[in-house]
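Survey of secondary and tertiary structure
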Protein chains: 2
Amino acid sequence: MPLVVVGSVAFDSVETPTQKRENVLGGSAVFFSYAASYFTSVRLAGVVGDDWPAAYTQLLAARGIDTTGLQVVRGGKTFRWRGRYLPNMNDRQTLDLQLNVMEQFNPVLPERYRQCKVLFLANGSPQLQMRVLDQCPGAALVVADTMDYYIHNERDSLLVLLRRIDGLVLNDSEAKLLTGEENLVRAGHAVCRMGPRLVVIKKGEHGAMFFSQHETHVLPAYPTPNVVDPTGAGDSFAGGMMGYLAKQGNFEPKTLKEAMGYGIVAASFTVEDFSLDRLKQIDRDDLDKRMAEFRRMLSF
Amino acid sequence: MPLVVVGSVAFDSVETPTQKRENVLGGSAVFFSYAASYFTSVRLAGVVGDDWPAAYTQLLAARGIDTTGLQVVRGGKTFRWRGRYLPNMNDRQTLDLQLNVMEQFNPVLPERYRQCKVLFLANGSPQLQMRVLDQCPGAALVVADTMDYYIHNERDSLLVLLRRIDGLVLNDSEAKLLTGEENLVRAGHAVCRMGPRLVVIKKGEHGAMFFSQHETHVLPAYPTPNVVDPTGAGDSFAGGMMGYLAKQGNFEPKTLKEAMGYGIVAASFTVEDFSLDRLKQIDRDDLDKRMAEFRRMLSF
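Presented here is a report on the structure given in the accompanying data block. As the structure is a computational prediction, the values presented were derived from the model and not from experiment.

Thoughts on the overall build of chain A
When helices and strands are counted, chain A shows 11 helices and 13 strands. On C-alpha atoms alone, chain A measures out to a radius of gyration of 18 Å, which is about the 19 Å that the 2.2 N^0.38 rule sets for 300 residues. Projected onto its principal axes, the C-alpha coordinates of chain A cover approximately 55 × 45 × 35 Å. For chain A, the residues scored as buried account for 61% of the 300 residues in total. Within chain A, residue pairs in contact and separated by at least 24 positions form 64% of the contacts whose partners lie at least 6 positions apart. By element, 46% of the accessible surface of chain A is carried by carbon and sulfur atoms, the whole surface being about 11,500 Å².

Comments concerning the nonpolar core
Judged by nonpolar contacts, the single largest core of 206 residues is most densely connected at A:Leu119, A:Met242, B:Leu119 and B:Met242. The contacts of A:Leu119, once residues within four sequence positions are left out, are A:Leu3, A:Val4, A:Val132, A:Leu133, A:Cys136, A:Ala139, A:Leu141, A:Val142, A:Val143 and A:Met242.

Focus: the packing of aromatic side chains
Within this structure, the stated rule accounts for 22 aromatic pairs over all chains. Residues B:Phe11 and B:Trp52 carry aromatic rings whose centres are separated by 6.1 Å and whose planes lie at 25° to one another, so their mutual orientation is stacked. With B:Phe11 in strand 2 (residues 10-15) and B:Trp52 in the loop between strand 4 (42-49) and helix 2 (54-61), this residue pair connects regions lying 41 residues apart in the sequence. Residue class for B:Phe11 comes out buried when judged on its relative accessible area of 5%. The class of B:Trp52 is buried, set by a relative accessible area of 9%. Counting every residue linked through ring pairs, the aromatic cluster contains A:Phe11, A:Trp52 and A:Tyr56.

A word on the relation of the copies chain B and chain A
Mapping one chain copy onto the other needs a rotation about an axis and a shift along that axis. For the pair chain B and chain A, the relating rotation is 180°, the translation along its axis is 0.0 Å, and the fit reaches an RMSD of 0.0 Å. When the rotation and shift are considered jointly, the pair of chain copies conforms to a two-fold rotation axis. Counting the interface residues of chain B, we find that 100% of their copies in chain A are interface residues as well, pointing to one common contact surface.

Thoughts on the packing of helix 7 (residues 172-179) of chain A against helix 8 (residues 184-193) of chain A
All names here are of chain A. As a packed pair, helix 7 and helix 8 sit with axes 9 Å apart at the nearest point and diverge in direction by 65°. Both helix 7 and helix 8 take part in a crossing whose hand is left-handed. Here helix 7 contributes Asp172, Ala175, Lys176, Leu178 and Thr179 to the contact with helix 8, which in turn contributes Leu184, Ala187, Ala190 and Val191. Per-class residue counts for the contact of helix 7 with helix 8 are 6 nonpolar, 1 polar and 2 charged.

Topic: the interface of chain B and chain A
At the junction of the two partners, chain B supplies 33 residues and chain A supplies 33 residues. Both faces combined, the contact of chain B with chain A buries some 2,700 Å², and carbon together with sulfur accounts for 60% of it. When the buried area of chain B at its contact with chain A is split by residue, B:His206, B:Met297 and B:Phe300 rank highest and sum to 27% of it. Remark: the boundary between chain B and chain A carries 0 salt bridges. Inspection of the chain B/chain A interface yields 16 residue pairs in polar contact (both at pLDDT 80 or more). Elements represented by at least two residues in the side of chain B that touches chain A include exactly helix 8 (184-193), strand 13 (215-219), helix 10 (253-270) and helix 11 (284-298) of chain B.

Topic: the pairing of strand 11 (residues 198-202) of chain A
Residue and element names in this part refer to chain A. The element strand 11 is extensively covered by neighbouring structure, given that 5 of its 5 residues are classed as buried. Both faces of strand 11 are covered, namely the face carrying Leu198, Val200 and Lys202 and the face carrying Val199 and Ile201. For strand 10 (residues 167-171) and strand 11, the ladder comprises 5 bridges, and the chain directions are parallel. Residue Gly167 lies in a different strand from strand 11, and its bridge partner there is Leu198. Of the strand pairs in this sheet, strand 11 and strand 12 (residues 208-212) are connected by 4 bridges, and their pairing is antiparallel. Bridged to Val199 within strand 12 is Phe211.

Conventions adopted
- Residues numbered from 1 in each chain as written.
- Chains lettered and ligands numbered in written order.
- Predicted model: local features only at pLDDT ≥ 70, side-chain atom pairs only at ≥ 80, totals over all residues.
- Heavy atoms only, no water.
- Helix = DSSP H or I, 4+ residues; strand = E, 2+ residues; numbered from the N terminus.
- Rg over C-alpha atoms; globule rule 2.2 N^0.38 Å.
- Buried < 20%, exposed > 50% of the residue type's maximum accessible area, 1.4 Å probe, protein only.
- Contact = heavy atoms within 4.5 Å.
- Areas by Shrake-Rupley, 256 points an atom, 1.4 Å probe, with all protein chains shown as cover.
- Core = buried A, V, L, I, M, F, W, Y, C linked by side-chain atoms within 4.5 Å.
- Phe/Tyr/Trp six-rings, centres within 6.5 Å; stacked < 30°, edge-to-face > 60°.
- Least-squares fit on C-alpha atoms with pLDDT ≥ 70 in both.
- Axes fitted to C-alpha atoms, helices over the stretch in contact; angles between N-to-C directions.
- Left-handed = near helix turned anticlockwise from the far one by under 90°.
- Nonpolar A, V, L, I, M, F, W, Y, C, P; charged D, E, K, R; others polar.
- Buried area = accessible area lost by both parts, 1.4 Å probe.
- Salt bridge = Lys/Arg side-chain N within 4 Å of Asp/Glu carboxyl O.
- Polar contact = N/O pair within 3.5 Å; in protein donor to acceptor, adjacent residues only side chain to side chain.
- Pairing = 2+ DSSP bridges.

This is how it looks when you write it as structure tokens:
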């Protein structure tokens, strides 16, 4: 099944303890769609300014990603994020954020996108996520991401959204903030009670947890010695997971767990270089090899 | 094979965000030996004052733990620790520490202990750990724990110890401190290069990592929704792991990974109540059931 993602497309400037990069390709929808493209056909919706290089559209198209839904705002500037990672490479500070064309973003999905069966609402306001959802009445699996800003400032809208979607992906601190539960197992199940039948809590370098009404799984991250830039890891995780689910076309417990494994493996490649630089070097076979190694590591 | 452990025996006073306990049974050798006793016969060496209740000796003896090596210092007071857990239940502050009889502790192992094949040197100064090691020349597997204090203040002795032992168990921040590596995969292998052929990095609620020259495994913690008091989790982990290894009598990669699984499962029971209160309620069958569930959770 084709997979539609709506989210941010950005220029990232990143400092790590040892290196820095200026204005490299980033954004939730970019990392998501690139990772997902190894599994299924992906349709990306987002917005950029006219500072957006055609080469980036070509880079996405080269992986079969449909960018018909990428709006280009004449005279506008693309969303920019600047951040710095602490020495632990897990925590980061946002140094600057320029929403630019994202501020007025009102996604209008092309007809081909509206017939999608699998939809991922990457980070955005719950209001915007619901406007997208309204355009895809036939979606069989709708999963959203959210962040602390919306939990704090748009909680009511978020709670409405949660009753309309199948799955929510969020990180550990966000799950605690949303539910008031410090224990992540309790937090995951508390999010399930807010609506979504599937909840995934991302724990960065510590992996991810999966919850449904009667299930709790935890998988560690794939242990790579080579963490260069964690930017996009969470979005690549979601992309690998959703891409595999869309490809398989079923959302059975077994498929969901495999999907989480592929998400973890996709993220483990992303962090090995800046931007898409590592993901660009791999093919599906590299993902499968690392996935096999990950399975072996966890079987005993 | 019988298993010898030398470490602390303590009275713990613990505050969590919702509860507190005064002067409950604790100490590294206590949690370790209790968890290990589900797998093999355990011989405990430590020191207490004459404030030590006979009932505690009986509690250990009831699980077959040999306490011949538990010295009682007349007129002395047992080691006391007081701590408070932060709301995340992973980080804690030490509020008070009274070494008491531990300060002069000089373990002299009974003859039966000296013939041991498997030895665990729980938290203590590297000098003391080496004095114990000298008494067990025939040990086939010697594993030690350490802590930040000794890494800071007795680094040279610790480095000598590391060249004499087979395995080291330490937590994530200690591994970073010892090696100067922020990435835990690199840190684990860097510790291996300091001497031990097996290294286990404990990550608290995030599980544990295993390293040998050619291997890297990561296992998550067992996801319990019911974390009451994390005190003793790391020692119970080591006890479950070493107990299983001693029982199996081989240290093959497959056995080591299973042992790590049993360590994680033992720790998951410990945190479900204060002191030994939860561990006291279980039997080997409960450990096996949770282990089977843990294996299922990780297989996909």
